[in-house]
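# Structure at a glance
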Protein chains: 2
Amino acid sequence: MRLTERKIAATLRQHGYKLTPQRRSVIRTIASSQDHLTPAAIYQKVHQDQPSIGLVTIYRTLDILAKLELICELHAGGSCHSYTIGARGHHHHLICSNCGEVIDFAGYDLTQLEQRLSRQTGFEIEGHLLEFIGLCQNCQQEDD
Amino acid sequence: MRLTERKIAATLRQHGYKLTPQRRSVIRTIASSQDHLTPAAIYQKVHQDQPSIGLVTIYRTLDILAKLELICELHAGGSCHSYTIGARGHHHHLICSNCGEVIDFAGYDLTQLEQRLSRQTGFEIEGHLLEFIGLCQNCQQEDD
DNA sequence: ATATAAATGATAATATTTTTCATTTACAAC
DNA sequence: GTTGTAAATGAAAAATATTATCATTTATAT
Ligand SMILES: [Mn+2]
Ligand SMILES: [Mn+2]
Ligand SMILES: [Zn+2]
Ligand SMILES: [Zn+2]
């Protein structure tokens, strides 16, 4: 269930953040949108409500909200520019958060889930993104 | 199985792209790395081999390689700046590639797969990213 | 060897994100 | 309500990242 404006405001304050009109407006904008929004898009919308707001404040607010997990960051097919070598056939990736090592793995099938989602939502599903993040063995040892 | 330099070169030519020393070097760099690399990182490495190469050529080559699916683009925890409202509990996202609508869904458990991967690779898994991309009902109709 | 379209690199333009710092403001304490 | 204070804001600049333009070079087919 999606978080409400109220809940988000409360959590912010619980963590010692001040509840400014700018932050309220950013929260309201995101909470009332069905889409995912970039900082620039949020700025545009918030600007109507708070004409004097600066784009920096958007960035700063988003950082806080994301850190507290009050908003979700999406990849959404957008282009991250980090690449690894391709492989034959469909596969997914396991990535070390410390050294960046990438392991390909295959044999995990998401078509059942895809069908369930398609049935439940009416979406025509085009693809998916599945990545795991963790620490490789080397990097675990270094942590000692 | 990871694609080889040879295979990639062949595919490029099959698609009518010329096989320049610059492109060879970019391919070799990516193919011989265990990590995922940004354009800047690739540039640094390739530059040692091809001191006169420009960063633009890296970008252009990556675009081609990605389009032909000879390399994989990773999100890798990197920060895409597109956000949607948070939700209670762990969940994943289904996103319309046309209008950006985001649907949350829960109840799909990846811990079994996580455990399998952990056992097989020795990784200590910290998290994952699962997103589906598709067309929502509205956007399907507009396509007619 | 030659012709030619494709690719490259220098440069500039654009877009995105972060830093810095003086001013303003939310909020707690009185 | 007033006041004090640390936190937040916005303007501006700086730093990064990406894309566009165009004259020159080059891979490849002939
Ligand atoms: Mn891969
Ligand atoms: Mn969500
Ligand atoms: Zn590692
Ligand atoms: Zn849609």
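What this report covers is the structure whose coordinates are included nearby. (Residues numbered from 1 in each chain as written. Chains lettered and ligands numbered in written order. Predicted model: local features only at pLDDT ≥ 70, side-chain atom pairs only at ≥ 80, totals over all residues. Heavy atoms only, no water.)

Note on the identical chains: chain B maps onto chain A by a rotation of 180° and an axial translation of 0.0 Å, with an RMSD of 0.1 Å. Such a turn and shift between the copies fits a two-fold axis. Closest to the rotation axis within chain B is the C-alpha of leucine 130 of chain B, separated from it by 2.3 Å. The overlap is high: 100% of the interface residues of chain B also sit at the interface in chain A, so the same surface is used on both sides. (Least-squares fit on C-alpha atoms with pLDDT ≥ 70 in both. Contact = heavy atoms within 4.5 Å.)

What follows covers the packing of helix α3 (residues 39–49) of chain A against helix α4 (residues 55–67) of chain A. Relative orientation and spacing of two packed helices are given, respectively, by the angle between their axes and the distance between those axes. Residue and element names in this part refer to chain A. Two elements in contact, α3 and α4, have axes separated by 9 Å at closest approach and are oriented at 120°. Accordingly, the angle class assigned to the pair α3 and α4 is oblique. Crossing of α3 over α4 shows right-handed handedness. Between α3 and α4, the contacting residues are Pro39, Ile42, Tyr43 and Val46 on the first element and Leu55, Ile58, Tyr59 and Leu62 on the second. Looking at the contact of α3 with α4, its residues break down into eight nonpolar, no polar and no charged. (Axes fitted to C-alpha atoms, helices over the stretch in contact; angles between N-to-C directions. Helix = DSSP H or I, 4+ residues; strand = E, 2+ residues; numbered from the N terminus. Parallel < 35°, antiparallel > 145°, perpendicular 65-115°, else oblique. Left-handed = near helix turned anticlockwise from the far one by under 90°. Nonpolar A, V, L, I, M, F, W, Y, C, P; charged D, E, K, R; others polar.)

As a further point, take the pairing of strand β4 (residues 102–105) of chain B. Residues and elements named next belong to chain B. Direction of pairing for strand β3 (residues 92–96) relative to β4: antiparallel, over a ladder of four bridges. Opposite histidine 93, over in β4, you have aspartate 104 as the bridge partner. Joining the antiparallel neighbours β3 and β4 is a turn of five residues, in which glycine 100 adopts a positive phi near 85°. (Pairing = 2+ DSSP bridges.)

Our next topic: the coordination of the zinc ion (ligand 4). For a metal with four tetrahedral donors the ideal donor-metal-donor angle is 109.5 degrees, whereas six octahedral donors ideally subtend 90 or 180 degrees. All names here are of chain B. In the first shell of the zinc ion (ligand 4), the protein supplies Cys96 (SG), Cys99 (SG), Cys136 (SG) and Cys139 (SG), at 2.2 to 2.4 Å from the metal. Each donor residue of the zinc ion (ligand 4) belongs to the same chain, with the gaps between them written as C-x2-C-x36-C-x2-C. Of this pair, cysteine 99 sits in the loop between β3 and β4 while cysteine 139 sits in helix α6 (residues 137–142), and the two are 40 residues apart along the sequence. (Donors = N, O, S within 2.8 Å, 3.2 Å for Na, K, Ca; no water.)

As a further point, take the coordination of the manganese ion (ligand 2). Residues and elements named next belong to chain B. Looking at the manganese ion (ligand 2), one finds its protein donor set to be His91 (NE2), His93 (NE2) and Asp104 (OD), positioned 1.9 to 2.7 Å from the metal centre. Written as a sequence motif, the donor residues of the manganese ion (ligand 2) are H-x1-H-x10-D. Pair noted here: histidine 91 is in the loop between β2 (83–85) and β3 and aspartate 104 is in strand β4, with a separation of 13 residues, a long-range link. Taking the relative accessible area as the measure of exposure, histidine 91 reaches 14% and is therefore buried. Since its relative accessible area comes to 27%, aspartate 104 is described here as partly exposed. (Buried < 20%, exposed > 50% of the residue type's maximum accessible area, 1.4 Å probe, protein only.)

Bringing the protein's contact with DNA strand D into the picture now. In the vicinity of DNA strand D lie 19 residues, with Thr20, Thr57, Arg60 and His81 of chain A together with Tyr59 of chain B positioned nearest. Protein-adjacent atoms of DNA strand D, using a 4 Å cutoff, are sugar or phosphate at a proportion of 73%. At 3.2 Å, a backbone N or O of glycine 54 of chain A approaches a phosphate oxygen of DNA strand D. Contact between DNA strand D and tyrosine 59 of chain B: a phosphate oxygen at 2.3 Å from a side-chain N or O atom of the residue. Those elements that place two or more of their residues in the surface near DNA strand D are α2 (21–31) and α4 of chain A together with α4 (55–67) of chain B. Counting residues per element, the surface near DNA strand D draws most heavily on α4 of chain B, which supplies three residues. (Near = heavy atom within 4 Å. Polar contact = N/O pair within 3.5 Å; in protein donor to acceptor, adjacent residues only side chain to side chain.)

In the vicinity of DNA strand C, 20 residues are found, and the nearest of them are Tyr59 of chain A together with Thr20, Thr57, Arg60 and His81 of chain B. Within the side chain of lysine 18 of chain A, an N or O atom sits 3.3 Å from a base nitrogen of DNA strand C. Between DNA strand C and the protein, one listed contact pairs a sugar or linking oxygen with a side-chain N or O atom of lysine 18 of chain B at 3.2 Å. Only α4 of chain A together with α2 (21–31) and α4 of chain B provide two or more residues apiece to the surface near DNA strand C. Counting residues per element, the surface near DNA strand C draws most heavily on α4 of chain A, which supplies four residues. Looking at the surface near DNA strand C, its residues break down into seven nonpolar, seven polar and six charged.

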